[in-house]
Amino acid sequence: MTEPDNPFKLELFQTSDGSHTLKLIGKDEQYHSLNGAMQESQHVFISAGLKPLLHKNDKLFLLEIGLGTGLNALLTAKNAIDNQCNIYYDAIEAYPLHKEWISELNHPDLFDEEWIGKAFQLIHSADEKKYVNIENHFFIKCLRQKIQEVILKEQYYHLVYFDAFGPDTQPELWTKEIFTKISQSMRPGAILVTYCAKGAVRRTMKAAGLQVEKLAGPPGKREITRAVKI
Ligand SMILES: C[S@@+](CC[C@H](N)C(=O)[O-])C[C@H]1O[C@@H](n2cnc3c(N)ncnc32)[C@H](O)[C@@H]1O
């Protein structure tokens, strides 16, 4: 299966914790860690990013760069609903997945909740027009555009999931220009999390006005990065 607009050719892969991801054929790149997609998502985005901010705001405004398979979004929806917190999730995705890929992914099977299957479909139906409401606590929009082309609201987001492909695959997304744009969209004290801990990336984030720390990574990865808007 090839998405007409997607420059990458994809293949389905079952990662070590049983959850699926997509690999980019011919590149050393994938949507999640091959050591466990679910585990990585939970560790990097939920535990390091979302958990410290839950219950701190009536409405939590969250930006994700790269909706991809929707796994981060699904885990975030579960946390919003379990904790009765309201999360407004603005995803940016340049190459939305075709429905054939979405139906192949086993993400909904990894959860016990009845509403998850429907939520997974709703997440992938989201566009920029209006928020899709999931169980009255998780609200998602998706801008089907490149991050380079998007104009972001200033000082708006409490949390950013930076989940682009890695800097070797997409160096154009790990630049001072992109991180400055994102940093300007964050409120003071807002958090950005990413799986990448390269020194050059951390220096670029600092130059964009973020305070950067390294945290222990999930299995198979030594470190990840969390940055705070000063
Ligand atoms: C590592 S994957 C994201 C995985 C995703 N967060 C998930 O939970 O499945 C990177 C994503 O970034 C998207 N992407 C690539 N270039 C982009 C760009 N210029 N702007 C926005 N998204 C982009 C890809 O299509 C892909 O879905």
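Whatever comes next refers back to the structure up there.
A brief look at the structure comes next. (Residues numbered from 1 in each chain as written. Predicted model: local features only at pLDDT ≥ 70, side-chain atom pairs only at ≥ 80, totals over all residues. Heavy atoms only, no water.)

### Quick notes on the pattern of salt bridges
Pairing is possible between side chains that carry opposite charge, provided their charged atoms lie close to one another. This model, assessed by the stated rule, comprises six salt bridges. Among the ionic pairs, Lys198 bridges to Asp168, the shortest N-O distance being 3.2 Å. Placement of the pair is Lys198 in the loop between β8 (186-194) and α6 (199-207) and Asp168 in the loop between β7 (157-162) and α5 (176-185), with a sequence separation of 30 residues. Residue class for Asp168 comes out exposed when judged on its relative accessible area of 67%. In this structure, Glu223 engages Lys214 in a salt bridge whose closest nitrogen and oxygen atoms are separated by 3.9 Å. Look at Glu223 and you get partly exposed, because its relative accessible area is 22%. (Salt bridge = Lys/Arg side-chain N within 4 Å of Asp/Glu carboxyl O. Helix = DSSP H or I, 4+ residues; strand = E, 2+ residues; numbered from the N terminus. Buried < 20%, exposed > 50% of the residue type's maximum accessible area, 1.4 Å probe, protein only.)

### Re the nonpolar core
The biggest cluster of nonpolar side chains holds 81 residues, and the ones touching the most others in it are Phe138, Ile140 and Leu192. Setting aside residues no more than four positions away along its own chain, Phe138 makes contact with Ala73, Thr76, Ala77, Ala80, Ile87, Tyr89, Ile123, Val132 and Asn133. (Core = buried A, V, L, I, M, F, W, Y, C linked by side-chain atoms within 4.5 Å. Contact = heavy atoms within 4.5 Å.)

### Here we look at the site of the ligand
By nearness alone, 23 residues border the ligand, and Gly66, Thr69, Glu93, Asp163 and Gln170 come closest of all. Within the side chain of Glu64, one N or O atom sits 3.0 Å away from a nitrogen atom of the ligand. Measuring from an oxygen atom of the ligand, one finds a side-chain N or O atom of Thr69 at 2.6 Å. Partitioning the shell around the ligand into residue classes produces ten nonpolar, nine polar and four charged. (Near = heavy atom within 4 Å. Polar contact = N/O pair within 3.5 Å; in protein donor to acceptor, adjacent residues only side chain to side chain. Nonpolar A, V, L, I, M, F, W, Y, C, P; charged D, E, K, R; others polar.)

### A word on the environment of Pro171
Secondary-structure assignment places Pro171 in the loop between β7 and α5. Counting along the chain gives 67 residues from Pro171 to Glu104, while the straight-line C-alpha distance between them is 29 Å.

### Re the environment of Pro219
Structurally, the position occupied by Pro219 is in the loop between β9 (210-216) and β10 (223-229). Its relative accessible area of 46% is what places Pro219 among the partly exposed residues. Note: C-alpha distance between Pro219 and Pro108 (111 residues apart in sequence) is 22 Å.

### Concerning the packing of aromatic side chains
Within the structure shown, the criterion is met by 15 aromatic pairs. Consider the rings of Tyr156 and Tyr157, whose centres lie 4.9 Å apart with planes at 85°: the pair is edge-to-face. Judged by its relative accessible area of 14%, Tyr156 falls in the buried class. Exposure remark for Tyr157: the relative accessible area of 4% places this residue in the buried category. Considering the side-chain rings of Trp174 and Tyr195, the 6.1 Å spacing of their centres and the 80° angle between planes classify their relative orientation as edge-to-face. One end of the pair, Trp174, is in the loop between β7 and α5; the other, Tyr195, is in the loop between β8 and α6, and 21 residues separate them in sequence. (Phe/Tyr/Trp six-rings, centres within 6.5 Å; stacked < 30°, edge-to-face > 60°.)

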